[in-house]
Amino acid sequence: MDPEPPARTPALGVPATRREGLLKVTGTARYAAEHALPDRAYAWPVPATVARGQVTAVDTAAALALPGVLAVLTPYDAPRLGPADDPNLRVLQDLAVPHRGWYVALAVAESTEAARAAAAAVRVTYDTDPHDTGLRTDHPDLYTPEIVNGGYPAHRERGDAVAAFAAAEVQVDCAYTVPPLHNHPMEPHAATALWEAGEAGETGDAGDAGAAALTVYDSSQGTGLVRQALAALFRLPEDRVTVVSEHVGGAFGCKGTPRPHVVLAAMAARYTGRPVTLALPRRHLPAVVGHRPPTLHRVRLGARTDGTLTALAHEVTTHTSRIREFVEQAAVPARVMYAAPALLTTHRVVALDVPTPSWMRAPGECPGMYALESAVDELADALGTDPVELRIRNEPDAEPDSGRPFSSRHLVACLREGAALFDWAAHRTPRRDGPLLIGTGVASSTYPVYVAPASARVHARPDGTYLVQTNATDLGTGARTVLGQIAADTLRVPPDRVTVEIGHSALPPGPVAGGSAGTASWGWAVHDACADLVALLERHPRPLPEPGLSVSADTTASAKQRSPYARHAFGAQFAEVQVDTVTGEVRVRRLLGVFAAGRILNPLTARSQFVGGMVMGLGMALTEHSGVDPAFGDFTESDLASYHVPVHADVPDIEVHWLDEHDKHLNPVGGKGIGEIGIVGTAAAIGNAFHHATGRRIRELPLTPDRVL
Ligand code: MOS
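Analysis parameters
Residues numbered from 1 in each chain as written. Predicted model: local features only at pLDDT ≥ 70, side-chain atom pairs only at ≥ 80, totals over all residues. Helix = DSSP H or I, 4+ residues; strand = E, 2+ residues; numbered from the N terminus. Rg over C-alpha atoms; globule rule 2.2 N^0.38 Å. Buried ≥ 20, exposed ≤ 12 C-beta atoms within 10 Å, placed from the backbone. UniProt positions renumbered as here; feature names shortened; annotations may be inferred. Axes fitted to C-alpha atoms, helices over the stretch in contact; angles between N-to-C directions. Parallel < 35°, antiparallel > 145°, perpendicular 65-115°, else oblique. Left-handed = near helix turned anticlockwise from the far one by under 90°. Contact = placed C-beta atoms within 7 Å. Core = buried A, V, L, I, M, F, W, Y, C linked by C-beta atoms within 7 Å. Domains from an automatic or database assignment. Nonpolar A, V, L, I, M, F, W, Y, C, P; charged D, E, K, R; others polar. Expected span 1.5 Å × (residues − 1). Pairing = 2+ DSSP bridges. Right-handed = clockwise from strand over helix to strand, strands pointing away. pLDDT = per-residue confidence, 0-100.

- Per an unreviewed UniProt entry, the protein is named Molybdopterin-dependent oxidoreductase, and its organism is Streptomyces bambusae.

So, in structure tokens, the structure goes:
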């Protein structure tokens, strides 16, 4: 007879500390560059020093003469690669230089220091062409693409927003600028690559890899995509490529797709026949791992004098590179937020001689909501209406652009709850304290609910413990921990009876950790596998035979089903800032967010995600900025000495709250995703507070002293 089932221990919705926390704080967790394989060598890439042109010669003699140097690969002699979806991965394959910082050679040596010295000694000559890195709204090469990032249509119109705006009783027509921004995770991109020789020849040609096998430890948000890319580039069957991302020191989108460093590491290892580690110096990141592209916004809001919106037009202008189209979908959130009967949202892009932009935390929503939520504040000002009330007045009963019902939408509740917790009404008079001007601001947050197919396997051992396997990636978010909680909850066992294996391409496939969809996607598969296992165990005699029982699940059919609902998370952010009229320094005194993001599975790690997003939004508002130097064609702020991310002294004790939201139309786990919404709206709340404090509107970020004074 079965023993009494263990008393139900709640595993979900309770704070659980990170499973790998001890490994991390004791330095035991190994990151991609820390796999000290025997006989390993080190690589250091050589970036192009021109913004556009052709390599005409690479002189490697001085580099090769340095002690400890093993090889210098150039576009003339590097192994030939197969195809890649992303042309940025076809490194050292041709002589064209599409932007400054593009890699034109790779030094390999016995130590990082020797490789770095060798890279510095490589002499590259170029034929240069005139370059253009200047984004402007009247650029002659601007065009409207078909789709923008995320697969959304670039252009949407409902009603005649321009005419409705022209006829509106109250009008706001404003331009906002968000500069290029960089992800800059704590751990720069790195990879360690190892080949096991096949029977085929060893000519150094990637196409001759035969039955060879490639293993890479990569700092990546998803080993599946990296494996796919490497298999195509090195012409290997996918099952001959293993990619491991066991621990990742942050990413924020820039490790979401495979990056050139992993290709170069594999190439160098192939060429030298030794394991090779390539750890990118931080200063290389802006040119080779993507960035949030600059966005120029025009927002037009038309309203009646009672505050009811009659027209909303959000037009976005942005850049991409010459080699790949990536269009930041910054007008997309305006399709979701407010009940405007006439709605125009559109994007234009121009291909410039710049690095290819890519995902950075809440691509689209983050810069888009800065502009939209600033404009809503300007409208409140023009109307003399409270900005919280103005937002509530324009609450839609269905998604404005699509007409679809919301699966759940608690923006109004977030605004009301936030206003109460912040004591908003009591802070609506700007104050002066000596040289300081003090004011408050509010903005809404939103982020879509995504989910992707995943698979998982769970194994019950006869001793009553369980092993859960799915190819998830933990970027420091706590993904491993929450998957253990989901499994324990479904299996109805204490979480310490469950071991979780993630971050390895040989595990049951799962999607990239991106789009705030990781937990929902992998968690769904883990839930399904565990639920099936529970059913199986109920019928199975005990004790279980060695080695136990395994069950697999795959959510492809369920996760791909199109929902009839518009599914988004919402939030409201409140800020108090002080502006020093002597120094021009803006400081955030209070920052409070209330979010409605479905079920919160682990309050401890969830809070950290919200706080992290809000800190990043604070940086966007006050300090983070990158310029493109028109003469040299590169980013002027490429390290943390010049690209200022917030430090502890910049950040107040951030207050994070959430509503208990039960949404039946999501997934069995019930979460909406929390990785990105925290950054959405923060910069607008701070900018609106700046305006409240000073009476001045600055429509270009960040709010640095040179702009303030
Ligand atoms: Mo997130 S920018 O989708 O990694």
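## Side note on the overall build of the protein
Piece 1. When you go through the protein residue by residue, the secondary structure sums to 16 helices and 26 strands.
Piece 2. The C-alpha atoms of the protein give a radius of gyration of 26 Å, which matches the 27 Å a tight globule of 709 residues would have.
Piece 3. Seen through its C-alpha atoms, the protein measures out along the principal axes to roughly 80 × 80 × 50 Å.
Piece 4. Of all 709 residues assigned to the protein, the portion counted as buried reaches 56%.

## A short note on the UniProt feature "domain: Aldehyde oxidase/xanthine dehydrogenase a/b hammerhead" (unreviewed entry) in the protein
Piece 1. This chain's UniProt record puts "domain: Aldehyde oxidase/xanthine dehydrogenase a/b hammerhead" (unreviewed entry) on residues 26–130.
Piece 2. The span residues 26–130 shows a helical share of 13% and a strand share of 32%, and its end C-alpha atoms are spaced 51 Å apart.

## Here's the deal with the packing of helix α11 (residues 479–491) against helix α12 (residues 518–539)
Piece 1. Running from N to C, α11 and α12 cross one another at 30 degrees; their axes reach a closest spacing of 9 Å. What the angle tells us is that α11 and α12 run roughly parallel. Seen from above, α11 lies across α12 with right-handed handedness. Of the residues in α12, those touching α11 at Ala479, Val482, Leu483, Ile486, Ala487, Thr490 and Leu491 are Gly518, Thr519, Trp522, Gly523, Val526, His527, Cys530, Ala531, Leu533 and Val534.

## Focus on the nonpolar core
Piece 1. Counting 213 residues, the largest nonpolar core has Ala43, Ala107, Ala265 and Ala268 as the members making the most contacts within it.
Piece 2. Broken down by element, the residue count for this core peaks at 10 residues, all from helix α8 (residues 365–383).
Piece 3. Here this core spans two domains, and each of domain 1 (21–29 + 451–560) and domain 2 (406–449 + 567–709) adds at least three residues to it.
Piece 4. Counting six residues, the second-largest nonpolar core is a separate cluster that includes Leu135, Leu296, Val628 and Phe635.

## Structural notes on the domain arrangement of the protein
Piece 1. Each assigned domain of the protein is listed here: domain 1 (21–29 + 451–560) and domain 2 (406–449 + 567–709).
Piece 2. Here the C-alpha centroids of domain 1 and domain 2 sit 34 Å apart.
Piece 3. Tallying the contact residues gives 14 residues for domain 1 and 16 residues for domain 2.
Piece 4. Counting only elements with at least two residues in the side of domain 1 that touches domain 2, the list comes to α11 and α12.
Piece 5. With five residues, the single largest contributor to the side of domain 1 that touches domain 2 is α12.
Piece 6. Of the residues in the side of domain 1 that touches domain 2, the class split is six nonpolar, eight polar and no charged.

## Topic: α11
Piece 1. For α11, which comprises 13 residues, the first-to-last C-alpha distance of 18 Å matches the rise-based estimate of 18 Å (1.5 Å per residue) to within 8%.
Piece 2. Burial of α11 is extensive: 13 of the 13 residues sit out of reach of the surface.
Piece 3. Within two residues after α11, Arg492 carries a phi angle of roughly 60 degrees, on the positive side.

## Remarks on the packing of helix α14 (residues 603–622) against helix α15 (residues 682–694)
Piece 1. In contact at an axis separation of 7 Å, α14 and α15 are set at 50 degrees when each is read in the N-to-C sense. Classified by the angle their axes make, α14 and α15 are oblique. Of the two elements, α14 crosses α15, and the hand of that crossing is right-handed. Packed against α14, whose contacting residues are Met614, Gly617, Leu618, Met620, Ala621 and Leu622, the element α15 presents Thr682, Ala683, Ile686 and Gly687 at the interface.
Piece 2. A per-class count over the contact of α14 with α15 returns seven nonpolar, three polar and no charged.

## Points about helix α5 (residues 223–233)
Helical geometry note: an α-helix holds 3.6 residues per turn, so side chains three or four residues apart project in the same direction.
Piece 1. Buried within α5 we find Thr223, Leu225, Val226, Arg227, Ala229, Leu230 and Leu233.
Piece 2. Buried residues belonging to α5 abut β12 (213–218), β13 (241–244) and α6 (260–272).
Piece 3. Among the residues trailing α5, Arg235 stands out with phi positive, at a value near 50 degrees.

## Overview of the environment of Arg461
Piece 1. Looking at the element boundaries, Arg461 is found in the loop between β20 (455–460) and β21 (466–469).
Piece 2. In the structure, Arg461 is positioned 126 residues away from Arg587 in sequence and 55 Å away in space, judged by C-alpha atoms.
Piece 3. Excluding anything up to four places from it in sequence, Arg461 contacts Tyr466 and Gly548.

## Notes on the sheet that holds strand β4 (residues 96–97)
Piece 1. One open sheet holds the three strands; their spatial order is β4-β2-β6, and the pairing between them is antiparallel. Two strands in the sheet have a free side with no partner beyond their single neighbour: β4 and β6 (123–128).
Piece 2. Pairing between strand β2 (residues 53–59) and β4: two bridges, direction antiparallel. If you follow Gln54 over to β4, its bridge partner there is Ala96.

## Observations concerning the pairing of β13
Each regular strand carries side chains that alternate between the two faces of the sheet.
Piece 1. Two strands pair when backbone bridges link them, and β12 and β13 are joined in this way by four bridges, in the parallel orientation. The residue bridging Tyr217 from the neighbouring strand is Val244, located in β13.
Piece 2. Between β12 and its parallel partner β13, the chain crosses via α5, and the hand of that crossover is right-handed.

## Here's the deal with the sheet that holds strand β23 (residues 549–554)
Piece 1. With respect to topology, four strands assemble into an open sheet ordered β22-β21-β20-β23, the strand pairing being mixed. A strand with exactly one partner marks an edge of an open sheet, and here the two such strands are β22 (498–501) and β23. Neighbouring strand axes in the sheet, compared pairwise and without regard to direction, differ in orientation by 15 degrees on average.
Piece 2. The sheet strands contacting α11 are β20, β21 and β22, and the helix crosses β22 at an angle near 135 degrees.
Piece 3. Across the sheet, α12 is in contact with β20, β21 and β23; its angle to β23 comes to roughly 140 degrees.

## Some points on the environment of Ala520
Piece 1. Residue position: Ala520 is located in helix α12.
Piece 2. Since 27 C-beta atoms lie within 10 Å of it, Ala520 is described here as buried.
Piece 3. Along the chain, Ala520 and Gly671 lie 151 residues apart, while their C-alpha atoms are 6.3 Å from each other.
Piece 4. In this structure, Ala520 is in contact with Val451, Leu666, Asn667, Val669, Gly671 and Gly673, ignoring residues within four places of it in sequence.

## Points about the environment of Glu196
Piece 1. On the secondary structure map, Glu196 appears in strand β11 (residues 190–196).
Piece 2. By C-beta crowding, Glu196 is classed as exposed, having 10 other C-beta atoms within 10 Å.
Piece 3. Placed 77 residues apart in sequence, Glu196 and Gly273 show a C-alpha to C-alpha distance of 8.7 Å.
Piece 4. Setting aside residues no more than four positions away along its own chain, Glu196 makes contact with Ala212 and Ala213.

## Points about the confidence of the model for the protein
Piece 1. Summarising the model, the protein shows a mean pLDDT of 96, and 97% of its residues fall at 70 or more.
Piece 2. Taken together, the stretch residues 200–204 has pLDDT below 50 and engages in 10 contacts with residues farther than four places along the chain or on a different chain.
Piece 3. Here the predicted complex scores 0.96 on pTM and 0.96 on ipTM.

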